[in-house]
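Examination of the molecular architecture
The chain contents come next:
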Amino acid sequence: MTPITKPAPEVNDLTRPFWQAAGRGQLRMQKCAACGHIRFPIGPVCTNCLDERAEWVQLSGQGRVLSHLVFHRGYSAAWKPHVPYSVIMVQLDEGPRMFSDLVDPDRKYIETDLVGHCVQVWFDGLGQDMAVPRFKVVEP
Amino acid sequence: MSVSGRTAIAGVGATAQGTLSGRTALDLGAEAFKRALADAGLRKQDVDGLLTMPGTTSPEGSLHYLRLGEALGINPRYTASLTMGGATAGCLVQIAVMVIAAGLATTVACVFGDTAKTGGVTFNRASGGDVNWGLWGMLGAAANSGIAADRHMHEYGTTSRQLAEVAVACRKHASMNEHAVMRTPITVADHQASRMIVRPLRLLDCCLISDGGVCIIVTSAERARDLAKPPAVIAGVGQAHTTMNLEHEKWWYVPHQKQALADAFRMAKLGPKDVKVAQLYDNFTISVILWLEHAGFCKEGEGGPFVEGGRIQLGGALPVNTAGGNLSESYMEGWLHVVEGVRQVRGECGQRQVEDAHTCLVTGRGMSLNCSNAMLLQRA
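Fair warning: this is a prediction, and the values are worked out from it, not measured in the lab.

Notes on the overall build of chain B
When its secondary structure is counted, chain B shows 12 helices and 11 strands. In terms of C-alpha radius of gyration, chain B reaches 19 Å, essentially the compact-globule figure of 21 Å for 380 residues. Oriented by its inertia axes, the alpha-carbon framework of chain B measures out at about 55 × 45 × 40 Å. Looking at chain B residue by residue over its 380 residues, the buried ones come to 62%.

What follows is the structure in structure tokens.
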């Protein structure tokens, strides 16, 4: 059990299952019970059909990098110590997209262009009540 | 019923720009209002509509219309405040057009003032709602435009040197504008040597942060003809927005801008070939390239090559941001783009005047990539 290393999420009733699943080492998102659409960001109704019913389904945690930014400037006190750091837009295999900082403690990928690379979810705070999903590069 | 040609911008006013120690958002708005009244040859009593944008340093927030109205001593028939970042100026002008066409007011002042520079505002917000992107370090205005630039580079081969061409053109134009904040010309090499902010965006890809105030007065085209300055007739307007980010497959490309532009062109019965000069919202250099593609000045993906060879500089085929834009004139979140559009169609821009500038396109974009609008101004 390790504590979350970066800013902790603000949790509410709607989003709690996402963070709790991450604490158990699972990436879960809402799948609409009516039309099957998996949505992200987390929302009260399906963005496709507006149905309220949803199941928190487990995703593979695998995806590809759609875009790769490198922040040389820290825009908050929490992130200033981490510059330069990479943020990636991830296309998850199941359809949804999300942003993540890249888990890259040795700054191996700061000078690389990761677009198209495969990434895998990693859980910051695994084993705690809640954790934050972040992504790391799948080494070839 | 189309509102094409029924209204006009009769007066514009801008304060000094830049670092204005001791000034407040409220007093800058008030000064801009007085300047626009004088420009139009109107009296305060003639203004019966007040639309405002709260500055980032306006403590009143969404109640800004009340405080500014009180400060100006106005009891408007119609009033509201709108917070849509860089899309606010254009969207407020469009509200003014609708209000006047509907008979709810005859003369509408749109006002903005801010002290973002001396107020230390860093535009460091993150997008996202319940699950805020800042949790993953995705913070600040450069982040989302960085995605736009990065994707554009990957899909179309656009280069950082092409982004530099936009910065160089804006700075060249600012060097010819005595009111601009950044007036020393720059080269592509200067841009390439400037420090990285959020890769792929460098310092010289980013707009300024500024203090200042701007006011735009809209009235009927008929009334505008009798006022002090030649009217800038509002020939066409359009706006389009997306509230979806991650779920919008090509969100980064801001495709809704195409709709805003197409609506404006259709209303005005004009096309890109009719545009002699353009003021395109430039929070970051990449935004100009996207506008050029969306407006049909070039094909999708060809905005990079289009800006090469001085094509968007004065003397080029399509001069863009002739006062220097957000990148070099001042960051008034697009308000000065409208002002410059008016001044170009009036023909009062001196050494930076575009010859025969009878039609000017003005665009706005705000809330990162989400809100967009377009307006075609014409000489009466």
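Looking at the sheet that holds strand β2 (residues 49-53) of chain B
Residues and elements named next belong to chain B. Read across the open sheet, the 9 strands follow the order β3-β2-β4-β7-β1-β8-β11-β10-β9; overall the sheet is mixed. On the outer flanks of this sheet lie β3 (78-81) and β9 (277-279), each paired with one strand and no other. On average, each strand axis in the sheet is inclined to that of its neighbour by 25°, with strand direction left out of account. The pairing of strand β4 (residues 107-115) with strand β7 (residues 211-220) spans 9 bridges and is antiparallel. Bridge pairing in β7 places Cys-110 opposite Ile-216.

As for the pairing of strand β6 (residues 97-101) of chain A
Burial within β6(A) is extensive, with 4 of its 5 residues counted as buried. Connecting strand β5 (residues 85-92) of chain A to the next strand, β6(A), in antiparallel fashion are 4 residues, including Gly95(A) with a positive phi near 125°.

Some words on the confidence of the model for chain B
This prediction gives chain B a mean pLDDT of 97; 100% of its residues lie at or above 70. Scored by ipTM, the complex comes to 0.95, with pTM at 0.97.

So, the sheet that holds strand β2 (residues 38-39) of chain A
All names here are of chain A. Sheet architecture is open: 3 strands sit in the order β2-β1-β3, paired in antiparallel fashion. The sheet terminates laterally at β2 and β3 (54-58), the two strands that pair on one side only. Across 2 bridges, strand β1 (residues 28-32) lies against β2 in antiparallel orientation. Counted as the bridge partner of Gln-30 is Arg-39 from β2.

What to know about helix α2 (residues 64-72) of chain B
Residue and element names in this part refer to chain B. Among all positions in α2, only His-64, Tyr-65 and Leu-68 are buried. Viewed along the axis of α2, the buried residues span an arc of 95°, placing them on a single side of the element. For α2, the elements touching its buried residues are α1 (25-40), β2, β3 and β4. Just past α2, the residue Gly-73 takes up positive phi, approximately 70°.

Some thoughts on the interface of chain A and chain B
Chain A puts 32 residues into the contact, and the matching count from chain B is 27 residues. Taken together, the elements giving at least two residues each to the side of chain A that touches chain B come down to β4 (62-71), β5, β6 and β8 (132-137) of chain A. Bridge count for β4(A) against strand β5 (residues 196-199) of chain B is 2 bridges, and the pairing is antiparallel. Of the residues in β5(B), the one forming a bridge with Val70(A) is Arg199(B).

Calculation notes
The residue numbering used here restarts from 1 in each chain and proceeds along that chain's sequence as written. For naming, the first written chain is A and the first written ligand is 1, with later ones following in the order written. In view of the model being predicted, local features appear only for residues whose pLDDT reaches at least 70, and side-chain atom pairs are presented and counted only at 80 or more, with totals across whole chains, interfaces and linings using the full set of residues. Numbering of helices and strands runs from the N terminus, with a helix taken as a DSSP run of H or I at least four residues long and a strand as a DSSP run of E at least two residues long. When we talk radius of gyration, it's over C-alpha atoms, and the globule rule is simply 2.2 Å times the number of residues to the 0.38. Exposure criterion: with C-beta atoms placed from backbone coordinates, a residue whose C-beta has 20 or more other C-beta atoms within 10 Å is buried, one with 12 or fewer is exposed, and one in between is partly exposed. By this definition, two strands are paired if DSSP reports at least two bridges between them. Only C-alpha atoms enter the line fits that serve as axes; for helices the fit covers just the stretch in contact. Angles between N-to-C directions range over 0 to 180 degrees. Confidence per residue, as judged by the predictor, is encoded in pLDDT with a range of 0 to 100. In this description, the arc belongs to the directions extending from the helix axis to the C-beta atoms. We call two residues in contact when their backbone-placed C-beta atoms lie within 7 Å.

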